[in-house]
Amino acid sequence: MRHLRRAAGTAAALLTLGGALVAAPAATAAPAAVPFPSIGWQQRNCDFDGNGFDDVLTGAPGATVNGASGAGYVTAQYSSSGGLSTTKKSVLHQDVSGVPGAVEAGDGFGGAVATGDLDNDGYDDALVGIPGEDLAAVSDAGGAVVFWGSPTGLHGSDSTWLENADPRAGAHFGRALEAARYSAPDPADPNAGPRDSVAVLEDDALLFFTLMPGAAQPAMSRHSVRAEDVAPGVSGFEFRGLSHGNYNEDSWADLAVSGVTTGTRPGTGTVRVLHGAPDIGALGDGGTFPGGPAVVSGDWDGTGQDDLVIGDTGAGAPTGGGITLYLGRGDLSGLEPEPAQYWTQDSAGVPGTAEAGDQWGAELSAGDTDGDGHPDLAVGAPGEDIGTVADAGAVWVLRGDATGFSASGAKSFDQQLSAIPGAAETSDRWGGQVRLIDANKDGLFGLLAAAPGENTDDGFVWVLPASSSGLVANGTWTYDGARLGAPTANARFGAAIDE
């Protein structure tokens, strides 16, 4: 495994930054399984109540909570053999008893969400980013809250505060989060106490946190990667997104970190891959790839090793946007440096026509919608115009096969379809978030398509069912914050949904 080193054009360096994490509740259930080679779409980590069904964590960062505009909240919806529930749920924010902090205007609680088993108790935990949180006199330093899974789901009383111990104004800690087993709590004994760690983005830094087993106060992995060391050329760089998978066939999760250039040539996307290692200070260099900021992982070619899809919607992207597939090599070296496939709306067999501003590839999700064993890809285009309706938004699904994606059976969905509730309206941004989910464990992944701009930024989520022929519009239903007992006005419900 190659360690991070300075190289022409791009570089990465591990730095020491402070952070704080409060003790978590004691473990009570059986230990979670160690990840197997492919951990992208097949192995979800979002079962908060331990009943064996995937739950859904959704952010509404614009919501007014108890008079505080833009304070934000998240909802957890619990699934069962009957599918995704709107009645068995939790609504969590900083005015819920036991949750650290208090609701404040502009906090943006729920601006980012993630899930993973951080305490190795068999129940997945929820991570909520609060990028607008003020810490004392430090404006927009940002923070995050961990809600610990339990047999009864998530509760405010079981929550833990997470922050950079050296907060900086405008850092926006918690703008993106991702949990996976990137390293070992004890590098000298890598198999002891396996658990997920948390990767947290600030605008210009990536930090890792790990709950140490048996400690009175959990320790933090005190290492960070700076954005400036990932930036291509001489331009500045701002982090945007994260995705994890196992790209190099070892026992550690790897991390794809996306961002865009700033400064004199702003908006160009770049993705850096970091290979996991027993010691978080020895993360390997998995390569740098053009495009972004959207990223998603999955095993498209069936090798048992994850591949990476990058959505290219930044400066210099093709008209309307595109997606690129990079395949794992099937060994410890990780992803192939050259793309296996590249798709746009103008690719043969893809419905529609590429147009400036479509943002085709701004959102991505992987899952098997037709039960053939290959993950399919949901592609959000929140800037898509529907007829003369600007930025109404749409979602495409590309079918997976042994080579990656096939044009055969490619579909698109939007609110103008008669079977999909509602109507296309200006700035709905339908497809602003997408998630493929098998809520009832029948082997078929349905689609959650969010429109954060629906009803003048209130936000709604559509649920499209799956079948043996893939996603279908018939049977689509919707819900919003009100249906879950939460505030709706300008909530931007669905602005973040855990992948």
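Please refer to the structure higher up on the page.
Since the model is a prediction, treat every value here as computed from it, not as a measurement.

Okay, the environment of Leu377 next. Within the fold, Leu377 resides in strand E23 (residues 376-381). In this view, Leu377 contacts Val296, Trp300, Val309, Ile323, Leu364, Ser365, Trp396, Val397, Leu398 and Phe405; residues no more than four positions away in its chain are not counted.

With 24 residues, the main nonpolar core has Val309, Ile323, Trp360, Leu377 and Phe405 as its most contacted residues. Judged by nonpolar contacts, the second largest core, of 21 residues, contains Ala71, Leu84, Ala439 and Tyr479.

Glancing now at the side chain of Glu133. Within the secondary structure, Glu133 sits in the loop between strand E7 (125-130) and strand E8 (143-147). One buried charged side chain, Glu133, makes no salt bridge at all; its nearest oppositely charged neighbour is Arg492, positioned 14 Å away. Aside from chain neighbours lying at most four places away, what touches Glu133 is Gln94, Glu104, Asp107, Val138, Asp140, Ala141, Gly142, Gly143 and Trp161.

Attention now goes to the sheet that holds strand E28 (residues 460-464). Spatially, four strands are ordered E26-E27-E28-E31 in an open sheet, and the strand pairing comes out antiparallel. Each edge of the open sheet carries a strand with a single partner, namely strand E26 (433-437) and strand E31 (477-479). With direction set aside, neighbouring strand axes in the sheet form an average angle of 20 degrees. Strand direction decides the pairing type here: E28 and E31, joined by three bridges, are antiparallel.

Turning our attention to the pattern of salt bridges. Applying the stated rule across the entire model yields eight salt bridges. Across the salt bridge formed by Asp49 and Lys88, the nearest N and O atoms sit 3.2 Å from each other. Of the two residues, Asp49 is situated in the loop between strand E2 (20-21) and strand E3 (56-60) and Lys88 in strand E5 (residues 83-92); the sequence distance between them amounts to 39 residues. Using a relative accessible area of 6% as the deciding quantity, one classes Asp49 as buried. Exposure remark for Lys88: the relative accessible area of 45% places this residue in the partly exposed category. In this structure, the salt-bridge partner of Glu202 is Arg168, at a minimum N-O distance of 2.5 Å. Of this pair, Glu202 sits in the loop between strand E11 (197-201) and strand E12 (205-209) while Arg168 sits in the loop between strand E9 (159-163) and strand E10 (176-180), and the two are 34 residues apart along the sequence. On the accessibility criterion, Glu202 (1% relative accessible area) is buried. Through salt bridges with shared partners, one network takes in Arg175, Asp203, Glu238 and Arg240.

Most of strand E27 (residues 446-451) sits inside the fold, with six of its six residues counted as buried. Neither face of E27 is left uncovered, since the one carrying Gly446, Leu448 and Ala450 and the one carrying Leu447, Ala449 and Ala451 both have all their residues buried. Where E26 meets E27, five bridges bridge the pair, whose relative direction is antiparallel. The partner of Arg435 across the bridge, within E27, is Leu448. The sheet contact formed by E27 and E28 spans five bridges and is antiparallel. Counterpart to Ala450 in the pairing with E28 is Val461.

Evaluated as defined, the whole model comprises 12 aromatic pairs. An angle of 75 degrees between the planes, with centres 6.5 Å apart, marks the rings of Phe109 and Phe147 as edge-to-face. Here Phe109, found in the loop between E5 and strand E6 (112-116), pairs with Phe147, found in strand E8; they are 38 residues apart in sequence, far enough to count as distant. The pair Phe109 / Phe147 is uniform in exposure class, with both members buried. Arranged with centres 5.7 Å apart and planes meeting at 75 degrees, the rings of Tyr182 and Phe208 form a pair that is edge-to-face.

So, about a negative patch on the surface. On the surface, a cluster of negative charge is contributed by Glu249, Asp331, Glu336 and Glu338. Positionally, Glu249 belongs in the loop between strand E14 (236-245) and strand E15 (254-262). Residue class for Glu249 comes out partly exposed when judged on its relative accessible area of 38%.

With respect to topology, four strands assemble into an open sheet ordered E18-E19-E20-E21, the strand pairing being antiparallel. Of all strands in the sheet, those bounded by a partner on one side alone are strand E18 (293-298) and strand E21 (341-343). Direction aside, neighbouring strands of the sheet carry axes that sit 20 degrees apart on average. Across three bridges, strand E20 (residues 322-326) lies against E21 in antiparallel orientation. Bridging across to E21, Leu325 finds its partner in Gln341.

Counting buried positions over the eight residues of strand E24 (residues 394-401) gives seven, a clear majority of the element. Direction of pairing for E23 relative to E24: antiparallel, over a ladder of five bridges. In the strand pairing of E24, Ala381 is matched with Ala394. Here E24 runs beside strand E25 (residues 404-413); their pairing, made up of six bridges, is antiparallel.

This paragraph deals with the side chain of Asp107. For Asp107, the location among the structural elements is in the loop between E5 and E6. One buried charged residue, Asp107, remains without a salt bridge, the closest side chain of opposite sign being Arg492 at 12 Å. What Asp107 contacts, discounting residues up to four positions off in sequence, is Gly70, Ala71, Gln94, Ala102, Ile130, Pro131, Gly132, Glu133 and Asp134.

On to the environment of Val260. One can find Val260 in strand E15. Taking the relative accessible area as the measure of exposure, Val260 reaches 6% and is therefore buried. Considered as a pair, Val260 and Gly314 are 54 residues apart in the sequence and their alpha carbons are 7.4 Å apart. Leave out the neighbours within four places in its chain, and Val260 touches Gly236, Phe237, Glu238, Arg240, Gly267, Thr268, Gly269 and Pro293.

Let us now look at unusual backbone geometry. In this model, Gly292 is joined to Pro293 through a cis peptide bond whose omega is 15 degrees. Secondary-structure assignment places Pro293 in strand E18. The phi torsion at Ala136 lies on the positive side, around 55 degrees, for a residue other than glycine. Note that Ala136 resides in the loop between E7 and E8. Of the residues examined, Ala136 reaches a relative accessible area of 84% and is grouped as exposed. Here the phi dihedral of Ser427 falls at roughly 65 degrees; this positive angle occurs in a residue that is not glycine. Secondary-structure assignment places Ser427 in the loop between E25 and E26. Judged by its relative accessible area of 36%, Ser427 falls in the partly exposed class.

Criteria and cut-off values
Residues numbered from 1 in each chain as written. Predicted model: local features only at pLDDT ≥ 70, side-chain atom pairs only at ≥ 80, totals over all residues. Heavy atoms only, no water. Helix = DSSP H or I, 4+ residues; strand = E, 2+ residues; numbered from the N terminus. Contact = heavy atoms within 4.5 Å. Core = buried A, V, L, I, M, F, W, Y, C linked by side-chain atoms within 4.5 Å. Buried < 20%, exposed > 50% of the residue type's maximum accessible area, 1.4 Å probe, protein only. Lys, Arg positive; Asp, Glu negative; His and termini not counted. Salt bridge = Lys/Arg side-chain N within 4 Å of Asp/Glu carboxyl O. Pairing = 2+ DSSP bridges. Axes fitted to C-alpha atoms, helices over the stretch in contact; angles between N-to-C directions. Phe/Tyr/Trp six-rings, centres within 6.5 Å; stacked < 30°, edge-to-face > 60°. Patch = residues over 30% accessible without salt bridge, like charges linked within 9 Å, V, L, I, M, F, W, Y side chains within 5 Å. Areas by Shrake-Rupley, 256 points an atom, 1.4 Å probe, with all protein chains shown as cover. Charge placed at Lys NZ, Arg CZ, Asp CG, Glu CD.

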